[in-house]
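Here are the chains, one letter per residue:
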Amino acid sequence: MTRRPVDIGDPDRLYTITGGRSRADDAFDLVTLIVSESAPRAGMQSEHARILDLCRHPTALVEIAAEMKLPITVMRILLGDLLAMGRISARHPPPPRPQAALPDSALLLEVLHGLRNL
Amino acid sequence: MGSATSDLPSLRTPLSDAAEAGLKIVIVGGFGVGKTTLVRSVSEIRPLNTEELMTQAGVGVDETRQVATKTTTTVAFDFGRISLNKRLVLYLFGAPGQERFWFLWDRLFSGTLGAVVLVDTRRMDESWYAIDRLEHHKTPFVVAVNRFDDEPDRYSLDEIRQALCLPAHVPLVDCDARVRSSGKGVLITLVDHLYEMAMAQEMTL
Ligand SMILES: Nc1nc2c(ncn2[C@@H]2O[C@H](COP(=O)(O)OP(=O)(O)OP(=O)(O)O)[C@@H](O)[C@H]2O)c(=O)[nH]1
Ligand SMILES: [Mg+2]
């Protein structure tokens, strides 16, 4: 693990990207799959345009974050914007379970088959 | 971190348009225990690196401007992916086992199917904390011993189970994180274990 001050060149970069907001949309999981509903448009915030470009095919939030070199929280904010504008759709993972509850056995069986076929 | 491997595509490979749901498995372990190696050996993409913000207090990002303050630190983790079928895609996360990382556990890994604790017998004590935290978060897990060539004494799995105070019901296996079939075996051990537990739970409902 690295632990260091956020070194992003301009220290205000993240502030600018998010317009100073820090409330991220928690509905977005690391593995929520994002799909663009429209092409980027001239005059859009460049990060928004980049996301629409990257998500022509379903793409997990964490892959977009890695590609754009932005922290997860910032991605959640940007994706919340795009969702509110109707420019993306989100395919969420199975809903969180209560603590200690296990995933559905049918789903686990599907995962097992997938792994065995690798 | 990740050295380039020639057999994995270096360009982004998109998922199938039919991909519906992402699933998570987390690989936890101390420094240099082989997390990235394991992710790489089973992933269909070159492992990617990303990070999350964390305030000094470890509470997360909340107050205005916290996002860009100088006291904000980052926690980095890497991941790979396996397309299980047209609908399901499994993401594997390599997560450092140190204390401050656990502040982010719920924010990053809630809903995870389960975890693999990767153990290096030369530094077994580092696994204790991870096991304790997983129990605390009620995340089911298996333990995989990544065997290195220069291990001083080759401990048996029984000895390792004792040293880790690992209950009998938690699967413990050997692996070589560099070998794809071995990494795949570890994942199957985990999901098998989850499946058995899920079946038992469903029977009692
Ligand atoms: N001999 C041997 N070497 C291994 C094995 N697994 C990993 N290594 C080597 O050990 C070193 C560390 O492995 P990594 O996969 O980077 O470990 P990590 O847990 O991701 O490390 P950090 O992310 O830095 O905490 C690398 O040089 C690997 O090539 C193994 O099973 N046997
Ligand atoms: Mg690593």
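Small disclaimer: the values here were computed from a predicted structure and weren't measured.

1. Focus on the overall build of chain B
Piece 1. In terms of helices and strands, chain B carries 5 helices and 7 strands.
Piece 2. Mapped from its N terminus to its C terminus, chain B presents α and β elements in the order β-α-β-β-β-α-β-α-β-α-β-α.
Piece 3. Across the 205 residues in chain B, those meeting the buried criterion constitute 56%.
Piece 4. When contacts within chain B are restricted to residue pairs at least 6 apart in sequence, those whose partners lie at least 24 apart make up 73%.
Piece 5. For chain B, the exposed area adds up to about 9,000 Å²; of that, 54% sits on carbon and sulfur atoms.

2. Description of the layout of surface pockets
Piece 1. The space that makes up the largest pocket amounts to roughly 490 Å³.
Piece 2. Taken together, 25 residues make up the lining of the largest pocket; nearest its centre are A:Ala100, B:His137, B:Lys138, B:Thr139 and B:Pro140.
Piece 3. Breaking the lining of the largest pocket down by element, the ones donating at least two residues are α2 (105-109), α3 (125-136) and α5 (180-203) of chain B.
Piece 4. Tallying contributions element by element places α2(B) first for the lining of the largest pocket, with 3 residues.
Piece 5. Per-class residue counts for the lining of the largest pocket are 13 nonpolar, 8 polar and 4 charged.

3. A short note on the sheet that holds strand β1 (residues 33-36) of chain A
Residue and element names in this part refer to chain A.
Piece 1. Strand order in the open sheet formed by 3 strands is β2-β1-β3, and the pairing between neighbours is antiparallel. Two strands lie at the open edges of the sheet, namely β2 (59-60) and β3 (88-91), each paired on one side alone.
Piece 2. The strands that helix α4 (residues 72-84) touches are β1 and β3; relative to β3, the one it contacts most, it runs at about 115°.

Here is what the cut-offs are and how they apply
Residues numbered from 1 in each chain as written. Chains lettered and ligands numbered in written order. Predicted model: local features only at pLDDT ≥ 70, side-chain atom pairs only at ≥ 80, totals over all residues. Heavy atoms only, no water. Helix = DSSP H or I, 4+ residues; strand = E, 2+ residues; numbered from the N terminus. Buried < 20%, exposed > 50% of the residue type's maximum accessible area, 1.4 Å probe, protein only. Contact = heavy atoms within 4.5 Å. Areas by Shrake-Rupley, 256 points an atom, 1.4 Å probe, with all protein chains shown as cover. 1 Å grid on protein atoms, 1.4 Å probe; cavity = no way out; pocket = protein on both sides within 12 Å on 5 of 7 lines; lining within 4 Å. Points joined across faces, edges and corners; volume = space filled by probe spheres on them. Nonpolar A, V, L, I, M, F, W, Y, C, P; charged D, E, K, R; others polar. Pairing = 2+ DSSP bridges. Axes fitted to C-alpha atoms, helices over the stretch in contact; angles between N-to-C directions.

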